[in-house]
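Structure at a glance
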Amino acid sequence: MAEVRAEMVANVWKVVVQEGDTVSDGDTLVILESMKMEIPVLTEDDGVVAQLKVKEGDVIQEGDLIAVIE
Amino acid sequence: MPIETLGPVLIANRGEIARRIIRTVKQMGLRAIAVHSEADTGLPFVREADEAVLLGPADPAQSYLDAGKVLEAARATGAKSIHPGYGFLAENAAFARAVIDAGLVWIGPAPEAIARMGDKINARNLMEDAGVPVAAGTREPVTDLELAVKAAYEIGFPVMVKTAGGGGGIGMSVAHDEAGLVKAYEQASRAAARFAGAATGDGPVGPAILLERFIERARHVEVQILGLPDGRVVALGERDCSVQRRHQKVVEESPSPGITPELRASMLAAAVRAGETVGYLGAGTVECLVDTDRQDFVFLEMNTRLQVEHPVTELVTGLDLVALQLWVAAGESPDVRPATSGHAIEFRVYAEDPKRFFPGPGKITAWREPAGEGVRVDSGYAEGDMVTPFYDPLMAKLCVHAATRAEALDRARRAVEEFVVEGPKNNLPFCAELLDHPEFGSGDYDTGLVGRMRT
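Per an unreviewed UniProt entry, the recorded name for chain B is biotin carboxylase, and the organism is Nonomuraea cavernae.

You'll find chain A entered in an unreviewed UniProt entry as Biotinylated protein TB7.3, with Nonomuraea cavernae given as the organism.

Looking now at the overall build of chain A. A count of helices and strands for chain A gives 0 helices and 8 strands. Scanning chain A from its N terminus toward the C terminus, one meets helices and strands in the order β-β-β-β-β-β-β-β. Radius of gyration (C-alpha) of chain A: 11 Å, near the 11 Å computed for a compact globule of 70 residues. Expressed along its principal axes, the backbone C-alpha trace of chain A runs to roughly 30 × 15 × 15 Å. Each of the 70 residues in chain A was classed as buried or not, and the buried ones make up 46%. For chain A, the proportion of contacts with a sequence separation of at least 24, taken over those separated by at least 6, is 53%. If you sum the accessible surface of chain A, you get close to 3600 Å²; carbon and sulfur atoms cover 42% of it. Charge centroids of chain A, computed over 5 positive and 16 negative side chains, lie 9 Å from each other.

Residues and elements named next belong to chain B. As assigned here, chain B comprises domain 1 (3-107), domain 2 (136-213) and domain 3 (218-453). Between domain 2 and domain 3, the C-alpha centre-to-centre distance is 26 Å. Contact with domain 2, which involves 9 residues of that partner, is made by 6 residues of domain 3. Applying the counting rule to domain 2 against domain 3 returns 0 salt bridges. The interface formed by domain 2 and domain 3 contains 0 residue pairs in polar contact (both at pLDDT 80 or more). Taken together, the elements giving at least two residues each to the side of domain 2 that touches domain 3 come down to β6 (159-163) and β8 (209-213). Of the residues in the side of domain 2 that touches domain 3, the class split is 3 nonpolar, 3 polar and 3 charged.

Looking now at unusual backbone geometry. All names here are of chain B. Looking along the chain, the bond that leaves F157 and enters P158 is cis, with omega of -5°. Looking at the secondary structure, you find P158 in the loop between α7 (145-155) and β6. Going from S254 to P255, the amide bond is cis rather than trans, its omega being -5°. At F88, a residue that is not glycine, the phi angle is positive and equals roughly 40°. Take F88: its relative accessible area is 27%, and that puts it in the partly exposed class. Even without glycine at this site, F357 takes up a positive phi of about 65°. Its location among the elements puts F357 in the loop between β14 (343-350) and β15 (362-363).

So, on to the interface of chain B and chain A. Many descriptions give the size of an interface as the accessible area lost when the pieces come together. At the junction of the two partners, chain B supplies 19 residues and chain A supplies 16 residues. Across the interface of chain B and chain A, roughly 1500 Å² is buried in total on both sides, 62% from carbon and sulfur atoms. Remark: the boundary between chain B and chain A carries 2 salt bridges. Its salt-bridge partner being B:R190, residue A:E38 comes within 3.2 Å of it at the nearest N-O pair. Counting across the interface, chain B meets chain A through 3 residue pairs in polar contact (both at pLDDT 80 or more).

With that settled, the discussion passes to the pattern of salt bridges. All names here are of chain B. Taken as a whole and assessed by the stated rule, the structure comprises 49 salt bridges over all chains. Among the salt bridges present, the one from R139 reaches E128, with a minimum N-O distance of 2.6 Å. A residue pair is termed long-range when its members are at least 10 positions apart, and R139 in the loop between α6 (120-129) and α7 and E128 in helix α6 qualify at 11 residues. Linking D444 and R217 is a salt bridge whose minimum nitrogen-to-oxygen distance equals 3.7 Å. Here D444, found in the loop between α14 (438-442) and α15 (449-453), pairs with R217, found in the loop between β8 and β9 (218-227); they are 227 residues apart in sequence, far enough to count as distant.

The UniProt feature table records "domain: Lipoyl-binding" (unreviewed entry) at residues 1-70 of chain A. Taken end to end, residues 1-70 of chain A comprises 0% helix and 54% strand; its first and last C-alpha atoms sit 4 Å apart.

Right, let's talk about the side chain of B:E301 for a bit. When you line up the elements, B:E301 lands in strand β13 (residues 296-303). Filtering out sequence-adjacent residues up to four positions away, B:E301 remains in contact with B:K120, B:T285, B:V286 and B:E287.

Conventions we followed
- Residues numbered from 1 in each chain as written.
- Chains lettered and ligands numbered in written order.
- Predicted model: local features only at pLDDT ≥ 70, side-chain atom pairs only at ≥ 80, totals over all residues.
- Heavy atoms only, no water.
- Helix = DSSP H or I, 4+ residues; strand = E, 2+ residues; numbered from the N terminus.
- Rg over C-alpha atoms; globule rule 2.2 N^0.38 Å.
- Buried < 20%, exposed > 50% of the residue type's maximum accessible area, 1.4 Å probe, protein only.
- Contact = heavy atoms within 4.5 Å.
- Areas by Shrake-Rupley, 256 points an atom, 1.4 Å probe, with all protein chains shown as cover.
- Lys, Arg positive; Asp, Glu negative; His and termini not counted.
- Charge placed at Lys NZ, Arg CZ, Asp CG, Glu CD.
- Domains from an automatic or database assignment.
- Salt bridge = Lys/Arg side-chain N within 4 Å of Asp/Glu carboxyl O.
- Polar contact = N/O pair within 3.5 Å; in protein donor to acceptor, adjacent residues only side chain to side chain.
- Nonpolar A, V, L, I, M, F, W, Y, C, P; charged D, E, K, R; others polar.
- Buried area = accessible area lost by both parts, 1.4 Å probe.
- UniProt positions renumbered as here; feature names shortened; annotations may be inferred.

And the structure:
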């Protein structure tokens, strides 16, 4: 199980995957927006999106849980 | 008309530029009215204005980009003119028109000039027809990938792919082959669609894309122009903006250390011609790309507003560009001398990590600005303020001025070292690294410099 957390304060601009989706290393899970920059959040693991903790429009803090990959 | 008729002046912007404009407005004896979002209530520009109006939530679409709210704030406060700063509504022709229609003075060029130059395809064609050199590229909007591929082979790889609207390097990338073009085209389309959404359906901004020949070893050099009501267009020297990350400027200097006097003269003349072609009024910037190997240049785009890096020009000319914008808006044609003296450099202090340049907003726990002879700091924040993720990462502009480039670099090293920012991530360590980099030190650098420092 791998947790994907936010590296910075940001808005969730786009959610690319859904819970249950199969993903592999390098796939984009969500796209964050901070300070007019789009920051794709990638998975570094192969697996299934077990939990997705954010939705579009959310403001997340550094360290917040974005997704769990199993 | 007398300058008094412009006051009170409403500044439709935030952060460092709102603060900088407020200073000049007050110096000219006029009242300055700030507008702000809920996220910015505690910032210096709100305190320093004579009056401040809350526009709405942090989201720019509900505050700084909401034309209706800005106009309502002007009405409620009795403002007589609006200065848009840069970004937000500054290059929105429909907003400029709405300001004028509301009986207010728009401190900027005519809405028609904004519209004509705002569409990069239109601007490029207009300049080509006026005899200003442009890069080989598409004269018509590229509307699908098939057309893009065809155009790229005609121009020859590598090509630069960008959106006709928008700015700030967003959606812009280089394609070295067909596979790269597919990616670049997708990225630009996505950005174009977002701009179209953000532009609230008006103005020339649409999901159009253009392709241009990519110059490998290029410098980004721009000319400051000022169009006067008596019809003259004056060029106020150039700024070299070749230190860039993600196609966004980090450091600017004037004069450019990378062009010959002959090239400078022909660029300044072309910029004046560009301004005259659109009957330009007020402060504007003609951006060019200089091919360092061939020592020639092409027109890139025109920014119909005050530029972030305008202090560089102010330092070498001794002029106050905001004051000149106000005089021009009042119908006056001041006797502007385009002579420059010494060397000026600006460093953009961004809230971003100095290695990957990723945003790093946060609360400012310590903030101490450098001072002394030849040092100017335009900042938007102070100790205790929050740098939020809602707006661009620019916290301050550290500018130095000295008799020579070498002395300006020495002054910059000292000032960068003196500048204390704690809390948000910041790029001051990058500025220090740059100042010690032999390529930057020599002056012989191009837009690939930051990329080379990070590989």
